Amino acid sequence: MPWADWIRTVEVEPSIYGADFSRLGEQLEVLLRAQCRIFHFDVGDGHFVEPITMGPIVLRSISPLIRRFAGTIDVHLMVDEPAKHFHAVAEAGADSVTFHYEAVDDVAATVRAAREQELQVGIAFNPETEPEQVAAVADGVDIVLCMAIHPGYSGQPFRAETFDRVRELRTLLPETIPIQVDGGVSDENIRRLRDRGATLFVAASAIFGSEDLPRAYRRLVQALA
């Protein structure tokens, strides 16, 4: 199923990296019952980014729960040689995989490798990379992820230049390719990001930093209204 069928105009995606792992299943079910339908799953390898985060074992353990509620799993590979991991994450339950522009030499070949695993595919880029560099090679991807922080650690402050980067990216991409933003997304900036062309919003601390997860999720959704 393509991204176009998953997006209800706009989507707030809780980033599982920010969850309390001692209560992971419970927290995901609470959000699913609050009508959240797309979850962002960060994979860090300790090379492309400093931290080693979650992997296919965790993904496999949560995918049946998310599937039961007709949810979607959006995997963000912050890793070197991402294509090596496509089969494992697809087998573990991923619906879509996003790799980093900075991590590959051949974007088109990487996209083909994801398609071979029947995955939707996105391309992400770091704050040091210019939007036009990514737009020039984005033909054939389903989404483009504009990082609003340097990838790796949750809780970093949002980079204000992201507003202009999203607006520029929107002018460069076909309207059929959604723009996703990850890093420091909050109810204070999410509407401005939408106004500049983003439609997918990844939130870790803004949701999992709250004791009331449904309320935090709905606050972000309402800020987009």
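Now for a look at the structure at hand. (Residues numbered from 1 in each chain as written. Predicted model: local features only at pLDDT ≥ 70, side-chain atom pairs only at ≥ 80, totals over all residues. Heavy atoms only, no water.)

Looking only at helices and strands, the protein has ten helices and eight strands in total. For 225 residues, the compact-globule estimate of 2.2 N^0.38 gives 17 Å, and the protein sits close to it at 16 Å. With respect to the three principal axes, the spread of C-alpha positions in the protein is 40 × 35 × 35 Å. Carbon and sulfur atoms make up 48% of the accessible area of the protein, which amounts to about 9,900 Å² in all. Each charge class in the protein can be summarised by its mean position, and for the 21 positive and 34 negative side chains these summaries are 8 Å apart. (Helix = DSSP H or I, 4+ residues; strand = E, 2+ residues; numbered from the N terminus. Rg over C-alpha atoms; globule rule 2.2 N^0.38 Å. Areas by Shrake-Rupley, 256 points an atom, 1.4 Å probe, with all protein chains shown as cover. Lys, Arg positive; Asp, Glu negative; His and termini not counted. Charge placed at Lys NZ, Arg CZ, Asp CG, Glu CD.)

Right, let's talk about helix H2 (residues 24-33) for a bit. Buried residues of H2: Leu24, Gln27, Leu28, Leu31 and Leu32, and no others. Relative to the axis of H2, the buried residues are bounded by an arc of 135 degrees and lie together on one face. Of the surrounding secondary structure, the elements contacted by the buried residues of H2 are strand S1 (11-14), strand S2 (38-44), helix H3 (56-68), helix H9 (205-208) and helix H10 (213-223). Looking at the residues trailing H2, positive phi occurs at Gln35, about 80 degrees. (Buried < 20%, exposed > 50% of the residue type's maximum accessible area, 1.4 Å probe, protein only. Arc of directions from axis to C-beta. Contact = heavy atoms within 4.5 Å.)

On to the environment of Val185, then. Relative to the elements of secondary structure, Val185 occurs in the loop between strand S7 (179-182) and helix H8 (190-195). Along the sequence, Val185 and Leu28 sit 157 residues apart, while their C-alpha atoms lie 19 Å from each other. Setting aside residues up to four positions removed in sequence, Val185 forms contacts with Ile190, Leu193, Phe201, Val202, Ala203 and Ala206.

Turning to the packing of aromatic side chains, a few remarks are in order. Overall, the coordinates contain two aromatic pairs when judged by the stated rule. Sitting over the face of the ring of Phe163, Arg192 holds its NZ or CZ atom 3.9 Å from the ring centroid. (Phe/Tyr/Trp six-rings, centres within 6.5 Å; stacked < 30°, edge-to-face > 60°. Lys NZ or Arg CZ within 6 Å of the ring centre and 35° of its normal.)

With that out of the way, let us pick up the sheet that holds S2. Here we have eight strands laid out as an open sheet, ordered S1-S8-S7-S6-S5-S4-S3-S2, and parallel in their pairing. Single-partner strands in this sheet number two, and they are S1 and S2. Taken over all neighbouring pairs, the strand axes of this sheet differ in orientation by 25 degrees on average, direction set aside. Where S7 lies against strand S8 (residues 200-203), three bridges are found, and the strand directions are parallel. Bridge pairing links Gln180 to Leu200 in S8. Helix-sheet contacts for H3 involve S2 and strand S3 (72-78), and the interaxial angle to S3 is about 155 degrees. Where helix H5 (residues 107-116) meets the sheet, its contacts fall on strand S4 (96-100) and strand S5 (120-125), and the angle it forms with S5 comes to roughly 145 degrees. (Pairing = 2+ DSSP bridges. Axes fitted to C-alpha atoms, helices over the stretch in contact; angles between N-to-C directions.)

Once that is clear, we can look at the side chain of His100. Tracing the chain through its elements places His100 in strand S4. For His100, the side chain forms a polar contact with the side chain of Asn126, separated by 3.2 Å. Dropping the residues within four chain positions of it, His100 is found in contact with Phe48, His76, Leu77, Met78, Ala124, Phe125, Asn126, Met147 and Pro151. (Polar contact = N/O pair within 3.5 Å; in protein donor to acceptor, adjacent residues only side chain to side chain.)

Attention shifts here to the pairing of S5. Each regular strand carries side chains that alternate between the two faces of the sheet. Among the six residues in S5, six count as buried, and that is most of the element. Side-chain alternation along S5 places Gln120, Gly122 and Ala124 on one buried face and Val121, Ile123 and Phe125 on a second face that is also buried. Across five bridges, the pairing between S4 and S5 is parallel. Following the sheet pairing, Thr98 is matched in S5 by Gly122. Two strands pair when backbone bridges link them, and S5 and strand S6 (residues 143-147) are joined in this way by four bridges, in the parallel orientation. Within S6, the position partnered with Gly122 by the bridge is Ile143.

Direction vectors running N to C along H2 and H10 enclose 45 degrees, while the axes themselves pass 9 Å from each other. One way to sum up the angle between H2 and H10 is to call them oblique. Our pair here, H2 against H10, has a crossing hand that is right-handed. Where H2 abuts H10, its residues Gln27, Val30 and Leu31 lie against Leu213, Pro214 and Tyr217. Within the contact of H2 with H10, the residues separate by chemical class into five nonpolar, one polar and no charged. (Parallel < 35°, antiparallel > 145°, perpendicular 65-115°, else oblique. Left-handed = near helix turned anticlockwise from the far one by under 90°. Nonpolar A, V, L, I, M, F, W, Y, C, P; charged D, E, K, R; others polar.)

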